[in-house]
Amino acid sequence: GLALYALAPALLETPIDGSNDTSAGVVLLIALLVAQRSPIAGGFLLAFAAAFKPYAAAWVPPLMAYGGIVWPLVAFVAGSIVAWGPALVWWRPGPILDSFRQADAVHATPYYSLGWVTGGANVMPEWAWQALRLVIGAGIAIVGFFAVKSARSFVVTGAIIYVATLYTGWWSTF
């Protein structure tokens with residue numbers, strides 16, 4: 001995976017045009033590779049990936065199933081404190097949470113999602129689509145927690161949680 005990034009400089013240059021998911025992909029890839037050898041270090045690095053793009057948190061429940069419940073979670077919380085600590089001290093939680101709300105409010109109509117395919121607000125309100133996204137993701141995380149038996153299944157389960165929460169809500173990305 002990292003070799004692909006090294007051999008494809010275009011992927012590393014796309015953040016220049018605002019496509020920051022590729023940067024998050026590198027951070028997530030590093031965290032997942034490290035987590036397979038050391039779930040604690042991987043949990044710490046996964047926190048940085050989730051601070052960069054919150055969707056990376058989809059891999060936390062499977063990591064806890066793979067590496068143990070307590071220490072990967074402690075490492076993730078510690079990494080989150082390191083990653084978010086300066087911003088929380090400087091700006092406090094209110095403006096940060098408001099920024100998340102404003103970013104979500106930009107999407108007045110559903111697109112590239114289950115909400116988009118099924119008729120959006122004609123079926124149910126936006127808040128219900130967003131709640132559905134979380135309920136489905138949590139359900140997969142719970143079922144997946146008991147299915148994770150290896151490093152491979154931890155990575156695949158996280159990917160399934162990610163895809164489910166990405167596409168079952170009000171809006172998504174392409």
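Details of the structure are given in the entry above.
Bear in mind the structure is a predicted one, so any value in this text is a computation, not a measurement. (Residues numbered from 1 in each chain as written. Predicted model: local features only at pLDDT ≥ 70, side-chain atom pairs only at ≥ 80, totals over all residues. Heavy atoms only, no water.)

## Comments concerning a nonpolar patch on the surface
Taken together, Ile40, Ile69, Val70, Trp71 and Val74 make up a surface patch of nonpolar side chains, about 490 Å² in accessible area. In terms of residue count, helix H6 (residues 70-91) provides more of the nonpolar patch than any other element does, 3 residues in total. Positionally, isoleucine 69 belongs in the loop between helix H5 (60-67) and H6. The class of isoleucine 69 is partly exposed, set by a relative accessible area of 48%. (Patch = residues over 30% accessible without salt bridge, like charges linked within 9 Å, V, L, I, M, F, W, Y side chains within 5 Å. Areas by Shrake-Rupley, 256 points an atom, 1.4 Å probe, with all protein chains shown as cover. Salt bridge = Lys/Arg side-chain N within 4 Å of Asp/Glu carboxyl O. Helix = DSSP H or I, 4+ residues; strand = E, 2+ residues; numbered from the N terminus. Buried < 20%, exposed > 50% of the residue type's maximum accessible area, 1.4 Å probe, protein only.)

## Some details on the environment of alanine 75
As for its placement among the helices and strands, alanine 75 is situated in helix H6. Along the backbone, alanine 75 and phenylalanine 44 are 31 residues apart, and their C-alpha atoms lie at a distance of 4.6 Å. With near-sequence residues (within four places) excluded, alanine 75 lies in contact with Ile40, Gly43 and Phe44. (Contact = heavy atoms within 4.5 Å.)

## Focus: the packing of helix H4 (residues 39-52) against H5
Running from amino to carboxyl end, H4 crosses H5 at an angle of 170 degrees, the nearest separation of the two axes being 10 Å. Looking at the two axes, H4 sits roughly antiparallel to H5. Together, Pro39, Gly42, Gly43 and Leu46 of H4 and Val60, Leu63, Tyr66 and Gly67 of H5 make up the contact between the two elements. Here the contact of H4 with H5 is built from residues that sort into 5 nonpolar, 3 polar and no charged. (Axes fitted to C-alpha atoms, helices over the stretch in contact; angles between N-to-C directions. Parallel < 35°, antiparallel > 145°, perpendicular 65-115°, else oblique. Nonpolar A, V, L, I, M, F, W, Y, C, P; charged D, E, K, R; others polar.)

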